[in-house]
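Overview (structure and organization)
Chain by chain, the residues run as shown.
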Amino acid sequence: MAEPRTRIALITGASRGIGAETARLLGTRGHHVIINYREKQRRARDVAATVAAAGGSACTVRADITDTADITDTADVTAMFDEIRARHGRLDALVLNASGGLEVGADPGYAMRVNRDAPNRLVDAALPLLAPGSRIVFVTSHQAHFVARRDVPAAYRPVAESKRAGEDDMRCRATELAEHGIGLSIVSGDMVDGTIVVRLLQRRDPAAVAARRAALPLPTVTEFATAVADEAARPGTEARTVFVGGSDYLTEDLTFTQ
């Protein structure tokens with residue numbers, strides 16, 4: 001059981017990349033970090049060890065948040081939150097970082113299940129544990145946030161559209177969350193250098209990645225994760241949007257930034 005004043009943060013898809021770096025940063029700020037993973041147990045344990053080495057505390061919990069095309073099957077998610085309830089009794093931050101859709105062999109409905117349906121399912125399951133003063137952070141990209149106004153690489157479009165659908169659903173829940181004393185943050189970033197998403201897109205559409213690199217420096221994993229960690233620790237019930245990198249997206253149409 002964590003110390004009573006320790007903030008408890010669950011980060012989905014935290015065994016690598018932005019999720020892992022967010023875990024490290026929150027751990028150094030005094031949070032107990034719960035590292036969700038699907039398959040890579042050793043990698044998740046390595047992240048927990050990194051958090052501990054930096055002076056924080058962390059544990060791991062396995063759950064496939066999109067383990068079936070039938071979204072009524074919530075066994076993994078239910079088991080994860082049952083474990084969190086038994087070990088910690090509450091949550092103070094839920095970071096919706098897990099995403100997908102570029103994987104080879106993914107079925108046509110996978111992107112919507114992981115990027116729209118899963119976040120809603122996770123919020124529903126987390127609500128009984130989220131204490132007043134807690135915050136939900138939805139992690140997205142500029143390519144998804146601005147998908148209605150900007151061209152996106154064809155390979156990334158299913159991801160972009162499903163991430164925007166997930167973001168819209170979260171925004172529709174902002175009043176509901178505030179009534180429970182829970183804040184909402186949307187953190188959107190340009191292509192983040194060094195992430196699996198950029199590596200996968202590089203293979204499928206290298207010109208698109210090259211074009212973004214030529215336009216502006218891409219944010220690093222640490223830069224983006226810092227913004228996510230900052231929002232996870234933010235008090236209050238305000239719903240807000242934070243942008244990292246890609247200033248050309250913001251200056252071209254300021255009316256669409258929210």
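What you see is a predicted model; the values in this text were computed from it and never measured.

Parameters and conventions
- Residues numbered from 1 in each chain as written.
- Predicted model: local features only at pLDDT ≥ 70, side-chain atom pairs only at ≥ 80, totals over all residues.
- Heavy atoms only, no water.
- Phe/Tyr/Trp six-rings, centres within 6.5 Å; stacked < 30°, edge-to-face > 60°.
- Helix = DSSP H or I, 4+ residues; strand = E, 2+ residues; numbered from the N terminus.
- Buried < 20%, exposed > 50% of the residue type's maximum accessible area, 1.4 Å probe, protein only.
- Lys NZ or Arg CZ within 6 Å of the ring centre and 35° of its normal.
- Salt bridge = Lys/Arg side-chain N within 4 Å of Asp/Glu carboxyl O.

Let us now look at the packing of aromatic side chains. To describe a pair of aromatic rings, one takes the distance between the centres and the angle between the planes. Taken as a whole and judged by the stated rule, the model has 2 aromatic pairs. Ring centres 5.5 Å apart and planes at 35° place the aromatic pair Phe-146 and Tyr-249 in the tilted group. Within this pair, whereas Phe-146 is found in the loop between helix 5 (142-145) and helix 6 (157-172), its partner Tyr-249 is found in helix 11 (residues 247-252), the two being separated by 103 residues in sequence. Residue classification places Phe-146 among the buried positions, given a relative accessible area of 2%. Judged by relative accessible area, Tyr-249 falls into the buried class, the value being 5%. In this structure an aromatic cluster arises from ring pairing among Phe-146, Phe-243 and Tyr-249. Directly above the aromatic system of Tyr-249 lies the positively charged group of Arg-150, at a separation of 4.0 Å from the ring centroid. Its end group placed over the ring of Phe-138, Lys-163 keeps NZ or CZ at 4.7 Å from the ring centre.

A few words on the pattern of salt bridges. One pass over the structure, following the stated rule, counts 20 salt bridges. The partner of Arg-90 in a salt bridge is Asp-92, and the shortest N-O contact between them spans 3.1 Å. Accessibility expressed as a relative area gives 8% for Asp-92, which makes it buried. The partner of Asp-248 in a salt bridge is Arg-150, with the nearest N and O atoms 3.8 Å apart. Taken together, the residues span a long stretch of sequence, with Asp-248 in helix 11 and Arg-150 in the loop between helix 5 and helix 6 at a distance of 98 residues. One continuous salt-bridge network, built from bridges that share partners, spans Arg-150, Asp-190, Arg-212 and Asp-248.

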